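Here are the chains, one letter per residue:
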Amino acid sequence: MDAKAKKTALRGITYGLYIVGTKDENGAANAFAGNWLTQTSFNPPLVAVAVKVGTRSQEQIAKSGVFSVNILETGQKDMVTAFFKSLEPEGNKLAGYEFYTEETGCPIFKDALSFFECKVVEKVEKGDHYIYVGEVINAGVHREGDPLTLKETGFYYGG
């Protein structure tokens, strides 16, 4: 296979850019910028997210069996960029952004357009990213708007 063609073709898949929330065994909040996410079922409501193997976030999802997804608004590039690195919570803030928790105990960001929380119901442990299928058990909307896309940021993650 031509490596350049493969990379170009795979980068043609369109993505949003989200903040995925996790928590450790003591309930401490964590979050990361994620883009490999899709809905897989209406009933029950299921989503699949791919998480880089060996990261703190991946290990937390594997142990806790829960995660949250925060839908950001177009133009929130600075917010999502803050979650490209490992973070430690400071009270009810991560990277300076305020969050709260509901059903799963994973962070829900007040600045997000909307959110949903998931309970892991399946996993695929193949490759350099593990796939977690989550059943949506809670959701909320903070405000209406257009979601942030990977393309608008100029970032690439794929190929």
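Everything numeric here is computed off the predicted structure, so don't read it as measured data. (Residues numbered from 1 in each chain as written. Predicted model: local features only at pLDDT ≥ 70, side-chain atom pairs only at ≥ 80, totals over all residues. Heavy atoms only, no water.)

To continue, consider the packing of aromatic side chains. Evaluated as defined, the whole model comprises five aromatic pairs. Residues phenylalanine 83 and phenylalanine 109 carry aromatic rings whose centres are separated by 5.2 Å and whose planes lie at 70 degrees to one another, so their mutual orientation is edge-to-face. In this pair, phenylalanine 83 is assigned in the loop between helix H3 (77–81) and strand E6 (93–94) and phenylalanine 109 in strand E8 (residues 108–109), connecting sequence segments 26 residues apart. Accessibility classification places phenylalanine 83 together with phenylalanine 109 in one group, the buried group. For the cation-ring pair, lysine 77 lies above phenylalanine 155, with the distance from its terminal atom to the ring centre recorded as 4.8 Å. (Phe/Tyr/Trp six-rings, centres within 6.5 Å; stacked < 30°, edge-to-face > 60°. Helix = DSSP H or I, 4+ residues; strand = E, 2+ residues; numbered from the N terminus. Buried < 20%, exposed > 50% of the residue type's maximum accessible area, 1.4 Å probe, protein only. Lys NZ or Arg CZ within 6 Å of the ring centre and 35° of its normal.)

Empty space among the atoms becomes visible once a probe the size of a water molecule is rolled across them. Its volume calculated, the largest pocket comes out at about 470 Å³. In this structure, the largest pocket is lined by 24 residues; those nearest its centre are Phe32, Ala33, Lys52, Phe83 and Phe84. Where the lining of the largest pocket is concerned, the elements lending two or more residues are strand E2 (29–34), strand E4 (46–52) and helix H2 (56–64). It is E2 that contributes the most residues to the lining of the largest pocket, five residues altogether. When its residues are assigned to classes, the lining of the largest pocket shows 14 nonpolar, seven polar and three charged. Size it by volume and the second largest pocket reaches roughly 230 Å³. Considering the residues around the second largest pocket, the lining is formed by 13 residues, among which Arg11, Ile13, Leu150, Lys151 and Tyr156 are closest to the centre. (1 Å grid on protein atoms, 1.4 Å probe; cavity = no way out; pocket = protein on both sides within 12 Å on 5 of 7 lines; lining within 4 Å. Points joined across faces, edges and corners; volume = space filled by probe spheres on them. Nonpolar A, V, L, I, M, F, W, Y, C, P; charged D, E, K, R; others polar.)

An α-helix turns once every 3.6 residues. As a result, residues three or four positions apart point the same way. In terms of burial, helix H1 (residues 3–10) is a largely surface element, zero of the eight residues being buried. The residue sitting at the N-terminus of H1 and contributing the capping side-chain oxygen is aspartate 2; that oxygen lies 3.0 Å from the backbone nitrogen of lysine 4. (Polar contact = N/O pair within 3.5 Å; in protein donor to acceptor, adjacent residues only side chain to side chain.)

It is worth spelling out the sheet that holds strand E10 (residues 129–141) at this point. Across the sheet, seven strands lie side by side as E2-E1-E5-E9-E10-E4-E3; this open sheet has antiparallel pairing. In this open sheet, the two edge strands, each paired with only one partner strand, are E2 and strand E3 (37–41). When the angles between neighbouring strand axes are averaged without regard to direction, this sheet yields 35 degrees. Looking at chain direction, E3 and E4 are connected through four bridges and run antiparallel. Paired with glutamine 39 across the strands is valine 47, a residue of E4. (Pairing = 2+ DSSP bridges. Axes fitted to C-alpha atoms, helices over the stretch in contact; angles between N-to-C directions.)

Another aspect to go through is the UniProt feature "domain: Flavin reductase like" (unreviewed entry) in the protein. With numbering aligned to this structure, UniProt lists the feature "domain: Flavin reductase like" (unreviewed entry) at residues 10–157. Helix makes up 13% of residues 10–157 and strand 42%, whereas the separation of the span's terminal C-alpha atoms amounts to 9 Å. (UniProt positions renumbered as here; feature names shortened; annotations may be inferred.)

This part is about the pattern of salt bridges. Per the stated rule, a full pass over the model turns up four salt bridges. With a shortest N-O distance of 3.0 Å, glutamate 88 and arginine 56 are connected by a salt bridge. Residue glutamate 88 is located in the loop between H3 and E6, and its partner arginine 56 is located in helix H2; the two are separated by 32 residues in the primary sequence. With a relative accessible area of 55%, glutamate 88 lands in the exposed category. Looking at arginine 56, the relative accessible area reads 29%, which means it is partly exposed. As a salt-bridge pair, glutamate 125 and lysine 123 come within 3.6 Å of each other at their nearest N and O atoms. Judged by relative accessible area, glutamate 125 falls into the partly exposed class, the value being 41%. Here lysine 123 falls in the partly exposed class, since its relative accessible area comes to 45%. (Salt bridge = Lys/Arg side-chain N within 4 Å of Asp/Glu carboxyl O.)

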